[in-house]
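Breakdown of the fold
Single-letter residue listing:
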Amino acid sequence: MIRLDRRILTHFDFVQPFLILPIIILSYILVSEANSILASKQLVYFGVGLALFLFFFLLPIRKIAWLIPLFYWICIVLLISVDLFGTSKLGAKRWLEFPFIHFTLQPSEIMKPALLLMLGYLIKQRPPEENGYGLKDFFRLSLYILLPFVLILKEPDLGTALILLIVGYAVLFIIGVNKKIWVVIFAGVLFSAPVIYENLHDYQKKRITDFLSEESNYHVRQSIIAIGSGGLKGKPKDEATQTHFKFLPISTSDFIFAYTIERYGFYGGLALLSFYGALIAHLLSLNYGLKDDYFTQTMASGIGILIFIYVSINIMMTIGFAPVVGIPLPFYSYGGSSFVTFMCLFGILQNLLAFRFDPTYRLVKFKI
């Protein structure tokens, strides 16, 4: 007979599903109201995401940590392959299509867990000194952050590239880097901003121009109308005209937050943000109990920062405070790539938390 080690339940972080499940449930309700076909597809994504969560949760990650560099470099090769053999959509070459089965893969999504795992592996191998990492170690770690950044930027996918860049350096900031290095970096970015802008693609400059112009573009105007019409308590389903009459574009993915306010009002939006805020705060607070476990610290901090960036950009985009980019709300916007990626990340994190006190790292015990 096979029985699970009780320590799995003892160290499993139940706060995470408690905060994530309400977000998923509310998302499914809204997507179902807007489009029943998309809701059926979303159930498939839920199933795939759950299966991958269980896979990574039961995978002996610490025992096979030596494979992490291989996984990272495979992802780098996939990003290079996008440039050579990738499939283009809307002027961007971001996908690899497998022949005969018509399956497409977006390597930039896989790069998110690969980067965090690689940083965790490297930081665990060589922890920071008391005053933080010096210049040599900082450059060494920066190489692993900048390489995928450049490859994804070339696709072009500025949004994903910047997210990886910010998450990577934010993790290093939390783990510890000498303060003088951050001062030099900040000054360098500040002075090079005009050069960076001149080298952007035309459509990227247009997004910035539209954002800075006095009049918002159509998507943002309709989003603001939907948010304003929701009031404090929102509208009944049949009266959510902005969404159901298709005035609000992409209401189930990029602008689902505006749809949420239209249906559930200010109180509904506040409740959603409260769950996200509590989840981010909880993930970052894990660092206080993991002082010597740099691997798990890196994953917890990286996921928390990643969620913060996604939520901040998406909501600022819907209210006209940021350029319109395809950044979804984690676990909330319709779609499979983002949902599956975050389920994998949380599966890895729960694995590192649940088994961190088990030196043998055995997942099951056998009893005859």
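Bear in mind the structure is a predicted one, so any value in this text is a computation, not a measurement.

Once that is clear, we can look at the environment of Phe 342. If you trace the backbone, Phe 342 turns up in helix H14 (residues 337–354). A residue is classified by how much of its surface remains accessible, and Phe 342, at 2% relative accessible area, is buried. Taking C-alpha positions, Phe 342 is 9.3 Å from Lys 112, a pair spaced 230 residues apart along the chain. When neighbours within four sequence positions are excluded, Phe 342 is seen to be in contact with Leu 306, Ile 307, Tyr 310, Pro 330 and Phe 331.

We now examine helix H2 (residues 15–34). Along an α-helix, residues three or four positions apart point the same way, because every turn accommodates 3.6 residues. Compared with an ideal rise of 1.5 Å per residue, which puts 20 residues at 28 Å, H2 spans 30 Å between its outermost C-alpha atoms and is within 8% of the ideal. Here the buried face of H2 lies against helix H3 (36–58), helix H11 (241–244), helix H12 (256–285) and H14.

Once that is clear, we can look at the layout of surface pockets. Here the second largest pocket defines a volume of roughly 230 Å³. Along the walls of the second largest pocket sit Phe 12, Gln 16, Pro 17, Ile 20, Leu 21, Ile 24, Leu 50, Phe 53, Phe 331, Met 343, Phe 346 and Gln 350, which together make up its complete lining. Elements that contribute at least two residues to the lining of the second largest pocket include exactly H2, H3 and H14. Counting residues per element, the lining of the second largest pocket draws most heavily on H2, which supplies five residues.

The share of residues in the protein with pLDDT of 70 or more is 89%, and the mean pLDDT across the chain is 86. Counted against residues more than four places away or in other chains, residues 362–368, with its pLDDT under 50, gives 19 contacts.

Before going further, it helps to examine the packing of aromatic side chains. For any pair of aromatic rings, the description rests on two quantities: the centre-to-centre distance and the angle between the ring planes. Counting across every chain of the model gives 21 aromatic pairs. Taking 5.5 Å as the distance between ring centres and 85° as the angle between the ring planes, the aromatic pair formed by Phe 12 and Phe 57 counts as edge-to-face. Note that Phe 12 is positioned in the loop between helix H1 (7–11) and H2 and Phe 57 in helix H3, a separation of 45 residues in sequence. Relative accessible area serves as the criterion here: at 9%, Phe 57 is assigned to the buried category. Arranged with centres 6.4 Å apart and planes meeting at 85°, the rings of Tyr 169 and Trp 182 form a pair that is edge-to-face. Residue Tyr 169 is found in helix H7 (residues 158–175), and its partner Trp 182 is found in helix H8 (residues 179–198); the two are separated by 13 residues along the sequence. For the pair formed by Tyr 169 and Trp 182, the shared burial category is buried. A network of ring pairs unites the aromatic residues Tyr 28, Phe 46, Tyr 310, Phe 331, Phe 339, Phe 342 and Phe 346 as a single cluster. Positioned over the ring face of Tyr 264 is Arg 263, at 4.8 Å from the centre of the ring.

Right, let's get into the side chain of Ser 338. Mapped onto the elements, Ser 338 comes out in helix H14. In this structure Ser 338 comes out as buried when scored by relative accessible area, which is 13%. With near-sequence residues (within four places) excluded, Ser 338 lies in contact with Glu 109, Tyr 310, Pro 328 and Pro 330.

Procedures and definitions
Residues numbered from 1 in each chain as written. Predicted model: local features only at pLDDT ≥ 70, side-chain atom pairs only at ≥ 80, totals over all residues. Heavy atoms only, no water. Helix = DSSP H or I, 4+ residues; strand = E, 2+ residues; numbered from the N terminus. Buried < 20%, exposed > 50% of the residue type's maximum accessible area, 1.4 Å probe, protein only. Contact = heavy atoms within 4.5 Å. Expected span 1.5 Å × (residues − 1). 1 Å grid on protein atoms, 1.4 Å probe; cavity = no way out; pocket = protein on both sides within 12 Å on 5 of 7 lines; lining within 4 Å. Points joined across faces, edges and corners; volume = space filled by probe spheres on them. pLDDT = per-residue confidence, 0-100. Phe/Tyr/Trp six-rings, centres within 6.5 Å; stacked < 30°, edge-to-face > 60°. Lys NZ or Arg CZ within 6 Å of the ring centre and 35° of its normal.

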